[in-house]
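# Residue-level structural notes
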Amino acid sequence: MNASDSDRMKATLAPLGFEESKQPDNADVVLVNTCSIREKAEAKMSSFAYDLKKLKSKNPNMLIGITGCVAQQEKEKIIQELPFVDLVMGPDNIDDLPWAIEELTHKHTKKIIKAEFDTEPRVWKTTTKLVNPGPTAFISIMKGCDHFCSYCVVPYTRGREKSRPIADIVDDVKHLCSQGVRDITFLGQNINTFGKRSDESLHELFHRVHDIDLLKRIRFTTSHPGDLKDELIRCFETLPKLCSQFHLPVQSGSDQVLRSMRRFYTRAQYMDRVKALRQARPDIAFSTDIIVGFPGETEEDFEQTMSLMREVKYDNAYSFLFSPRPGTSAALRKDDTPEHVKLGRLQVLQTQQQSIAKALHVAQVGQHQEILIEGPSKKDPTKLTGRNSQGLSVHFTAQHNVNIGDLIPVEITSGSLTHLTAKPLTLS
Ligand code: 5AD
Ligand code: SF4
């Protein structure tokens, strides 16, 4: 979501003549687009901002802006503690960026703080702008979240859920496809409830964009298991462009912890959704998010998470130590588990996950798969790289005259934790 917001910022500033500078040293404007989901991200922002202060002392005309979720939540603190910052801007105010830069550079306004949620209660009107899009792109289709899981800061930093109208998204998709995009990932904090305030739905959107000829692949993230409806599962049977990939954050395998997290589903209900998705699309790859060391998590609770991971066999799992966030109810809970115990659990879980993922990838050797070519491999430019339907990177030597954005058939020759290698099959 933040990467997509950063792309939007770049595109909003391009008409003013700004282009991306690889180094902050010679930049006229430095925007620090922050994430506040865990404490570590916030701490990184402060240390980075102090480095910028040194650069600003050499180049006093440099404008420094703090944007994103930390800016939304900590606007007063940033202004007080980082007086060299010129601009503080929340995630809902990206479209005001050109105005803010103009004010600061030409109108001699000293400081701008703009961190307000938009006032429209139902829909979110915007368009996707990208500078030089490649074969893959993100499109944000909704923002905010209504769930208030007890650990999560998102409803406070991104506000209540609002979705874009399907007609606007379809226009965005057509426009991006005309610029060469072939593989689109739709983004939302809780994408399953897309359109709930305007009587539209995610499965309706998928059917509409599936009809766009130039579009070859549809992906989406991220889903709340409690909102995962049968209509969406059926799309995996009926829409071949919908990729065999599902990010389904479970957070914990223990019902007691799930209750305390205010997740509103049980382990059994979660497993029921996994089963239904596997029935609809047998080669589907699951990924997930896990929080280790939630307040009150016992060794037994942790074992439940470990066993759930063995049961699902995730292709990928993003696992985090619980981080108390300002304004959330879990931050106030009593937490007796020592840090070293939590860290030990995280390590055990990550080791187990790595061996599951590696085995899943090695087992794909010999399979024929379709890869969408994304470009030369960063590590070895004699190779091309792309992704399979499951979203895993695949590297291969091109033997045919192929182009970026083409879908080509390959045979998998080796598998590792992070990627596959393959040889192209003859194109008919
Ligand atoms: N502590 C640790 N992890 C968190 N996440 C969200 N809030 C916290 C927190 N306070 C994780 C969840 C979520 C992912 C995006 O970040 O697993 O799914
Ligand atoms: Fe946060 Fe996701 Fe829960 Fe919403 S559903 S509060 S974004 S963890």
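The text that follows walks through the structure, step by step, so that each part is easy to find. (Residues numbered from 1 in each chain as written. Chains lettered and ligands numbered in written order. Predicted model: local features only at pLDDT ≥ 70, side-chain atom pairs only at ≥ 80, totals over all residues. Heavy atoms only, no water.)

## Some details on the overall build of the protein
Condition: Each helix is a run of DSSP H or I of at least 4 residues and each strand a run of E of at least 2, with the numbering of both proceeding from the N terminus. Between the two quantities, the radius of gyration covers C-alpha atoms and the globule rule is 2.2 Å times the number of residues to the power 0.38. Only protein chains enter the calculation, and the probe is 1.4 Å; a residue is then buried if its accessible area is under 20% of its type maximum, exposed if over 50%, and partly exposed in between. By definition, residues are in contact when any of their heavy atoms lie within 4.5 Å. What sets the accessible areas is the Shrake-Rupley method with a 1.4 Å probe; for residues, cover comes only from the shown protein chains. Charge convention: Lys and Arg are scored as positive, Asp and Glu as negative, and His as well as the terminal groups of each chain are ignored. Charge positions are represented by NZ for Lys, CZ for Arg, CG for Asp and CD for Glu.
Counting secondary structure elements, the protein contains 13 helices and 17 strands. Relative to the globule expectation of 22 Å for 428 residues, the C-alpha radius of gyration of the protein, 23 Å, shows essentially globular dimensions. Along the three orthogonal principal directions, the C-alpha set of the protein runs to about 65 × 60 × 45 Å. Every one of the 428 residues in the protein was classed for burial, and the buried ones make up 53%. Expressed as a percentage of contacts within the protein between residues at least 6 apart in sequence, the contacts between residues at least 24 apart total 72%. When the accessible surface of the protein is totalled, it reaches about 20,200 Å², and 52% of it is carbon and sulfur. Distance between charge centres in the protein, computed from 56 positive and 55 negative side chains, equals 2 Å.

## Notes on the pattern of salt bridges
To keep things clear, this is the line we draw: Salt bridge criterion: a side-chain nitrogen from Lys or Arg within 4 Å of a carboxyl oxygen from Asp or Glu.
All chains considered together, the criterion is met by 29 salt bridges. Between R219 and D183 there is a salt bridge; the shortest N-O distance is 3.1 Å. Remark: D183 occurs in strand β8 (residues 183-187) and R219 occurs in strand β9 (residues 217-221); sequence separation between them is 36 residues. Residue classification places R219 among the buried residues on the basis of a relative accessible area of 3%. By relative accessible area, D183 is classed as buried at 1%. Two residues, E374 and R387, come together in a salt bridge whose shortest N-O distance is 2.9 Å. One end of the pair, E374, is in strand β13 (residues 368-376); the other, R387, is in strand β14 (residues 384-387), and 13 residues separate them in sequence. Among the charged side chains, a salt-bridge network with shared partners connects D146, R160, E161, K196 and R197.

## Quick look at the site of ligand 1
For clarity, the threshold we go by: Any residue with a non-hydrogen atom lying within 4 Å of a molecule or strand is treated as near it. Throughout this description, a polar contact denotes any pair of N or O atoms lying within 3.5 Å of each other; where both atoms belong to protein, one of them has to be capable of donating a hydrogen while the other can accept it, and for residues adjacent in sequence the pair is counted only when both atoms sit in side chains. Nonpolar residues are Ala, Val, Leu, Ile, Met, Phe, Trp, Tyr, Cys and Pro. Charged residues are Asp, Glu, Lys and Arg, and all others, Gly as well, are polar.
Taken together, the neighbourhood of ligand 1 is formed by I37, R38, Y151, Q251, D289, I291, F320, L321, F322, S323 and R325. Taking Y151, its main chain carries an N or O atom lying 3.0 Å from a nitrogen atom of ligand 1. One of the side-chain nitrogen or oxygen atoms of Q251 is found 2.6 Å away from an oxygen atom of ligand 1. In the complex, the protein chains occlude 87% of the 410 Å² of accessible area that ligand 1 would expose alone. For the shell around ligand 1, the secondary structure elements donating two or more residues are β11 (285-292) and β12 (316-321). Residue composition of the shell around ligand 1, grouped by class: 6 nonpolar, 2 polar and 3 charged.

## A short note on the packing of helix α1 (residues 2-13) against helix α5 (residues 97-106)
Threshold: Helix axes use the C-alpha atoms of the stretch in contact, all axes being lines fitted to C-alpha atoms, and the angles between their N-to-C directions lie in the range 0 to 180 degrees. Small angles under 35 degrees read as roughly parallel and large ones over 145 as roughly antiparallel, with 65 to 115 read as roughly perpendicular and the rest as oblique. Handedness of each helix crossing follows the sense of rotation of the near helix against the far helix: counterclockwise by less than a right angle gives left-handed, clockwise gives right-handed.
The interhelical angle for the contact between α1 and α5, taken along N-to-C directions, is 55°, at an axis separation of 9 Å. Compared by their axis directions, α1 and α5 come out oblique. Crossing angle aside, the handedness with which α1 passes α5 is right-handed. The residues of α5 that touch α1, namely those facing M9, T12 and L13, are L97, P98 and I101. When its residues are assigned to classes, the contact of α1 with α5 shows 5 nonpolar, 1 polar and no charged.

## Considering the environment of D96
Turning to its location among the elements, D96 is positioned in the loop between β3 (87-89) and α5. Under the relative-accessibility criterion, D96 is labelled partly exposed at 25%. Counting along the chain gives 87 residues from D96 to M9, while the straight-line C-alpha distance between them is 9.7 Å. Among all residues touching D96, those that are not within four sequence positions of it are M89 and K114. A distance of 3.4 Å separates polar atoms of two side chains, one belonging to D96 and the other to K114.

## Considerations on unusual backbone geometry
The amide bond that connects T221 to the next residue, T222, takes the cis arrangement and shows omega of 15°. Here T222 is to be found in the loop between β9 and α9 (230-238). Positive phi is not limited to glycine here, since R262 has a value of about 60°. For R262, the position within the fold is in the loop between α10 (255-260) and α11 (267-280).

## Comments concerning the sheet that holds β11
Rule in force here: We call two strands paired when DSSP finds no fewer than two bridges between them.
The strand order β10-β11-β12 describes an open sheet built from 3 strands, whose pairing is parallel. Every other strand in the sheet has two partners, leaving β10 (245-247) and β12 as the edge strands with one partner each. For this sheet the average axis-to-axis angle between neighbouring strands, irrespective of direction, equals 10°. With 3 bridges joining them, β10 and β11 adopt parallel strand pairing. Its bridge partner being in β11, F246 is matched across the sheet by F286.

## Some thoughts on the side chain of S201
Summarising the element assignment, S201 is placed in the loop between β8 and α8 (202-210). Polar side-chain contacts of S201 include one of 3.4 Å to the side chain of H203.

## Looking at the layout of surface pockets
Note the cut-off: Using a grid of 1 Å spacing that covers the protein atoms alone, one calls a set of points a cavity when a 1.4 Å probe fits there but cannot get out, and a pocket when the set is open and has protein on both sides within 12 Å along at least five of seven lines; lining residues are those with an atom within 4 Å of a point. Grid points are joined across faces, edges and corners, and a volume is the space filled by probe spheres set on the points.
In this structure, the second largest pocket encloses a volume near 480 Å³. S244, D283, I284, S389 and Q390 are, among the 26 residues lining the second largest pocket, the residues nearest its centre. For the lining of the second largest pocket, the elements supplying multiple residues, two or more each, are β11 and β13. Of the residues that constitute the lining of the second largest pocket, the class distribution is 9 nonpolar, 8 polar and 9 charged.

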